[in-house]
Amino acid sequence: MLYKRYGNPLDLLRTFTLEGLTDFIFYLFDQENEDTLFTIWLHKDQESDFATFKKKNGKKTHKQKPKSLTKEEEEKIIKASFQFITPRQKGGD
């Protein structure tokens, strides 16, 4: 996909941070899916337009809300996390 749209994709990928790179990769997957859907729509005998076909047959994304934690769960997670950040002894041994 990158070679289809960009002359030298490695120069493009070097400009991204790690977070930006993952977002760009997800964007590329979405574009590839849309290109595939367009090809299917183009080669099928459809009476609907592409936007309707895409809405009907496209990938469904379900955004989940973050799970809220109870106070007990928060305290348990915090207590477990402290084993990694507090020194074991005064000398650090």
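Coordinates for the structure precede this section.
Let us look at the structure shown here. (Residues numbered from 1 in each chain as written. Predicted model: local features only at pLDDT ≥ 70, side-chain atom pairs only at ≥ 80, totals over all residues. Heavy atoms only, no water.)

## Looking at the overall build of the protein
Helix and strand counts for the protein stand at five helices and zero strands. For the protein, the α and β elements follow one another from N to C terminus as α-α-α-α-α. Buried positions account for 11% of the 93 residues belonging to the protein. Counted over contacts in the protein with a minimum sequence separation of 6, partners at least 24 positions apart contribute 28%. For the protein, the accessible surface area stands at approximately 9000 Å², while carbon and sulfur atoms represent 56% of it. (Helix = DSSP H or I, 4+ residues; strand = E, 2+ residues; numbered from the N terminus. Buried < 20%, exposed > 50% of the residue type's maximum accessible area, 1.4 Å probe, protein only. Contact = heavy atoms within 4.5 Å. Areas by Shrake-Rupley, 256 points an atom, 1.4 Å probe, with all protein chains shown as cover.)

## Observations concerning a nonpolar patch on the surface
On the surface, Ile-78, Phe-82, Phe-84 and Ile-85 cluster together to form a nonpolar patch covering roughly 470 Å² of accessible area. Tracing the backbone through its elements, the reader meets Phe-84 in helix H5 (residues 71-85). Phe-84 gets classed as exposed once you look at its relative accessible area, which sits at 67%. (Patch = residues over 30% accessible without salt bridge, like charges linked within 9 Å, V, L, I, M, F, W, Y side chains within 5 Å. Salt bridge = Lys/Arg side-chain N within 4 Å of Asp/Glu carboxyl O.)

## Some remarks on the packing of helix H3 (residues 18-43) against helix H4 (residues 50-57)
A pair of packed helices is captured by two measures, namely the crossing angle of their axes and the spacing between those axes. At their nearest, the axes of H3 and H4 sit 10 Å apart, and the two run at 120 degrees to each other. Classified by the angle their axes make, H3 and H4 are oblique. The two elements H3 and H4 meet at a crossing, and its hand is right-handed. In this structure, H3 contributes Glu-34, Leu-37, Phe-38, Ile-40 and Trp-41 to the contact, and H4 contributes Phe-50, Phe-53, Lys-54 and Asn-57. For the contact of H3 with H4, the residue count by class is six nonpolar, one polar and two charged. (Axes fitted to C-alpha atoms, helices over the stretch in contact; angles between N-to-C directions. Parallel < 35°, antiparallel > 145°, perpendicular 65-115°, else oblique. Left-handed = near helix turned anticlockwise from the far one by under 90°. Nonpolar A, V, L, I, M, F, W, Y, C, P; charged D, E, K, R; others polar.)

## As for H5
Under the 1.5 Å per step criterion, the end-to-end length of H5 is 21 Å for 15 residues, consistent within 8% with the ideal 21 Å. Sparse coverage of H5 is indicated by the burial of zero of its 15 residues. (Expected span 1.5 Å × (residues − 1).)

## So, the pattern of salt bridges
Counted according to the given criterion, the structure contains one salt bridge. Among the salt bridges present, the one from Glu-34 reaches Lys-54, with a minimum N-O distance of 3.1 Å. In this pair, Glu-34 sits in helix H3 while Lys-54 sits in helix H4, placing the two residues 20 residues apart along the sequence. Overall, Glu-34 belongs to the partly exposed group, its relative accessible area being 26%.

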